[in-house]
Amino acid sequence: MGDDGKSAPRSVRLDHRQVRVLAHPLRLRLLGALRVKGPATATTLAELLNTNTGATSYHLRQLAEVGLVVEDPDRGTGRQRWWRAAHAVTNWETSDFDDDPDARAAIEWIQGDQVRLLAEHAEQWFATQHEWSPAWRDALGMGDVFMTIPPDRLKALEADLWQVLERYRHEADAEPAAPDAESVQIFLAAYPLLREMR
C-alpha cells in the first residue's frame, strides 16, 4: 500500500497520543493518501485532497510529531519537503483506550469515520457500477454472514482473515500487476446483531 519499504516496522499499534492526533478528518485523509499514492509534497496533497497547502503542511507536521508520517529527504529539493507514511498499517484494540476518555473518544470518532468512508465508497460504487465489466461487477460489492460465536473465536476468525488479506497483498506487491488489475479497498467488520434480532 503506498509504503515504499524504507520504513520499519510495517505496522504501528496506535498509542494514546497518536490516536488523539489522528482523530481529525484531514489528518486521516493525508495519512491514507500517503499510504495509497506514496510519498508526496504538501502542495501535491493539497491538490489531491482539495484543500490548501498551509493546512496540509500544518497537519503533516502534527502527524510527524507522533511518528505517523516522516520526511523523505532523498526526494526533497530546495524548500520542497516530501513526506511519506511511516507505516503501511495502523492497528489498535478498542480496549487499549479504556483508561483515557479523550483517547477513547478519538478512537470512536476514527471508527465512525471508517463507517462514513465505507458508506461513501458504497454509494459511489452503486452510482458507477454500470461502467464496469461484468467480471468486476461480480467481484466487487459486499455480503454478510450471521453466526453465534464467543469473543475469543471471533478474534481468531479476524486474525485468520487478516492473514489471508496480507498473503494476497504480499503476492500482489511481489508480482507485476495483471493488465486487468484495479486498486480496491477491503473492509472487515463484525458487529452484534441488532437487539431485536438477538
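Residues numbered from 1 in each chain as written. Predicted model: local features only at pLDDT ≥ 70, side-chain atom pairs only at ≥ 80, totals over all residues. Heavy atoms only, no water.

All right, on to the pattern of salt bridges then. Under the defined criterion, the tally for this structure stands at 9 salt bridges. Put simply, Glu 166 and Arg 10 hold a salt bridge, and the shortest N to O gap is 3.7 Å. A residue pair is termed long-range when its members are at least 10 positions apart, and Glu 166 in helix 7 (residues 151-174) and Arg 10 in the segment before strand 1 (11-13) qualify at 156 residues. Using a relative accessible area of 36% as the deciding quantity, one classes Arg 10 as partly exposed. In this structure, Lys 155 and Glu 93 form a salt bridge, with 2.7 Å as the shortest nitrogen-oxygen distance. You can see Lys 155 sitting in helix 7 and its partner Glu 93 sitting in the loop between strand 5 (89-91) and helix 5 (101-128), a full 62 residues away along the chain. For Lys 155, a relative accessible area of 40% corresponds to the partly exposed category. (Salt bridge = Lys/Arg side-chain N within 4 Å of Asp/Glu carboxyl O. Helix = DSSP H or I, 4+ residues; strand = E, 2+ residues; numbered from the N terminus. Buried < 20%, exposed > 50% of the residue type's maximum accessible area, 1.4 Å probe, protein only.)

A word on the sheet that holds strand 4 (residues 82-85). Strand order in the open sheet formed by 3 strands is 2-4-3, with antiparallel pairing between adjacent strands. Looking at which strands have only one partner, the edges of the open sheet turn out to be strand 2 (40-41) and strand 3 (69-71). Packing of helix 2 (residues 25-37) onto the sheet brings it into contact with strand 2, strand 3 and strand 4, and relative to strand 4 it is tilted by some 85 degrees. (Pairing = 2+ DSSP bridges. Contact = heavy atoms within 4.5 Å. Axes fitted to C-alpha atoms, helices over the stretch in contact; angles between N-to-C directions.)

Moving on, we come to the packing of helix 2 against helix 3 (residues 42-49). Between helix 2 and helix 3, whose axes approach to 11 Å, the crossing angle comes to 105 degrees. Taken together, the axes of helix 2 and helix 3 lie roughly perpendicular to each other. Judged by residue contacts, Leu 26, Arg 29, Leu 30, Ala 33, Leu 34 and Lys 37 of helix 2 engage Leu 45, Leu 48 and Leu 49 from helix 3. By residue class, the composition of the contact of helix 2 with helix 3 is 7 nonpolar, no polar and 2 charged. (Parallel < 35°, antiparallel > 145°, perpendicular 65-115°, else oblique. Nonpolar A, V, L, I, M, F, W, Y, C, P; charged D, E, K, R; others polar.)

What follows concerns the pairing of strand 4. In this structure, strand 2 lies alongside strand 4, joined through 2 bridges in antiparallel fashion. Within strand 4, the position partnered with Thr 41 by the bridge is Trp 82. Alignment of strand 3 against strand 4, held across 3 bridges, turns out to be antiparallel. From the neighbouring strand, Glu 71 faces strand 4, where its bridge partner is Trp 83.

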